[in-house]
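# Structural overview for review
For reference, the chains in residue letters:
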Amino acid sequence: MTETDEEVIILRPHHLLCTQGYSGNGYSPEFVEHMNDVVERLRHGDDRIKITFSTDTLCSCCPNKLGENKCVSQDKVKWFDDKVIEYFGIEEKEYRYREIIKEIDGKMTDGMMDDICMRCSWYPVSACRKNIMSNK
Ligand code: SF4
Ligand code: SF4
């Protein structure tokens, strides 16, 4: 399959961070299998993405998705998205994943990281902070 045949990956803003800390843990076996494929492509393959302020490609295989733009943890995930939009000026448009995460990580501070992720249960146990803060 050529690069142009592949569908653009849709990501919601805070998943620009989560995909960097991801290391094989998730909400269900199906979610993990799908996440592995998406993250592998983002990190090493065709990295065209389109940002949406709604549920995305990763949500599509998540048991916490209740419907279009509806997550079990709606308030919390919208908070994460809003913070990423606010801090990094993210818009609903196409980006190159590896370019935009480089830009985000270059601007990220410890204070911003805490502000965005403090309410996430993965934060104390994931590689998110380490990976993002070391990608300067
Ligand atoms: S701590 Fe949670 S919200 Fe923050 S990047 Fe990691 S998984 Fe995403
Ligand atoms: S449905 Fe909710 S918990 Fe699942 S990946 Fe999407 S935002 Fe995260």
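Read on for a plain summary of the structure.

Rules used in this analysis
Residues numbered from 1 in each chain as written. Chains lettered and ligands numbered in written order. Predicted model: local features only at pLDDT ≥ 70, side-chain atom pairs only at ≥ 80, totals over all residues. Heavy atoms only, no water. Phe/Tyr/Trp six-rings, centres within 6.5 Å; stacked < 30°, edge-to-face > 60°. Buried < 20%, exposed > 50% of the residue type's maximum accessible area, 1.4 Å probe, protein only. Helix = DSSP H or I, 4+ residues; strand = E, 2+ residues; numbered from the N terminus. Lys NZ or Arg CZ within 6 Å of the ring centre and 35° of its normal. Patch = residues over 30% accessible without salt bridge, like charges linked within 9 Å, V, L, I, M, F, W, Y side chains within 5 Å. Areas by Shrake-Rupley, 256 points an atom, 1.4 Å probe, with all protein chains shown as cover. Salt bridge = Lys/Arg side-chain N within 4 Å of Asp/Glu carboxyl O. Lys, Arg positive; Asp, Glu negative; His and termini not counted. Charge placed at Lys NZ, Arg CZ, Asp CG, Glu CD. Contact = heavy atoms within 4.5 Å. Near = heavy atom within 4 Å. Nonpolar A, V, L, I, M, F, W, Y, C, P; charged D, E, K, R; others polar. Pairing = 2+ DSSP bridges.

## Points about the packing of aromatic side chains
Tallying each qualifying case throughout the model produces 3 aromatic pairs. On the basis of an interplanar angle of 65° and a centroid distance of 5.2 Å, the ring pair of Tyr27 and Phe31 is categorised as edge-to-face. The class for Phe31 is buried, based on a relative accessible area of 8%. Consider the rings of Tyr27 and Trp122, whose centres lie 5.9 Å apart with planes at 70°: the pair is edge-to-face. Of the two residues, Tyr27 is situated in the loop between helix H1 (15–21) and helix H2 (29–44) and Trp122 in the loop between helix H5 (110–117) and helix H6 (128–133); the sequence distance between them amounts to 95 residues. Exposure remark for Tyr27: the relative accessible area of 43% places this residue in the partly exposed category. Its relative accessible area of 29% is what places Trp122 among the partly exposed residues. We note Arg119 situated over the ring of Trp79; from NZ or CZ to the ring centre the distance is 5.2 Å.

## Some details on a negative patch on the surface
Taken together, the side chains of Glu30, Glu33, Asp37 and Glu40 present a region of like negative charge at the surface. By the secondary structure assignment, Glu40 is in helix H2.

## Topic: unusual backbone geometry
With phi around 60°, Asn69 is a residue other than glycine that occupies positive phi space. Residue classification places Asn69 among the partly exposed residues on the basis of a relative accessible area of 29%.

## Points about the side chain of Asp105
With respect to the element layout, Asp105 can be found in helix H4 (residues 97–107). Excluding residues that lie within four positions of it along the chain, Asp105 makes contacts with Gln20, Ile132, Asn135 and Lys136.

## Looking at the site of ligand 1
Lining the immediate environment of ligand 1, one finds Leu17, Cys18, Cys117, Cys120, Trp122, Tyr123 and Cys128. The residue inventory of the shell around ligand 1, partitioned by class, reads 7 nonpolar, no polar and no charged.

## Concerning the site of ligand 2
The full set of residues close to ligand 2 is Arg12, His15, Tyr27, Phe31, Cys59, Cys62, Asn64, Lys65, Cys71 and Val77. By residue class, the composition of the shell around ligand 2 is 6 nonpolar, 2 polar and 2 charged.

## Remarks on the environment of Val38
Structurally, the position occupied by Val38 is in helix H2. As for Val38 and Trp122, which are separated by 84 residues in sequence, their C-alpha atoms are 19 Å apart. When neighbours within four sequence positions are excluded, Val38 is seen to be in contact with Ile9, Thr57 and Leu58.

## Observations regarding the pattern of salt bridges
For the coordinates displayed, the defined rule picks out 10 salt bridges. The salt bridge involving Arg48 is made with Asp46; its shortest N-O contact spans 2.8 Å. Side by side, Arg48 and Asp46 carry an identical accessibility label, which is buried. Asp46 is paired through a salt bridge with Arg96; the nearest N and O atoms lie 3.6 Å apart. Pair noted here: Asp46 is in the loop between H2 and strand E2 (48–51) and Arg96 is in strand E5 (residues 94–96), with a separation of 50 residues, a long-range link.

## Examining the pairing of E2
Residues in a regular strand point their side chains to alternate faces of the sheet. Bridging between strand E1 (residues 9–11) and E2 involves 3 bridges; their strand directions are parallel. Bridge pairing in E2 places Ile10 opposite Lys50. Both E2 and E5 contribute to a ladder of 3 bridges, which runs antiparallel. Among the inter-strand pairings, Arg48 is bridged to a residue of E5, identified as Arg96.

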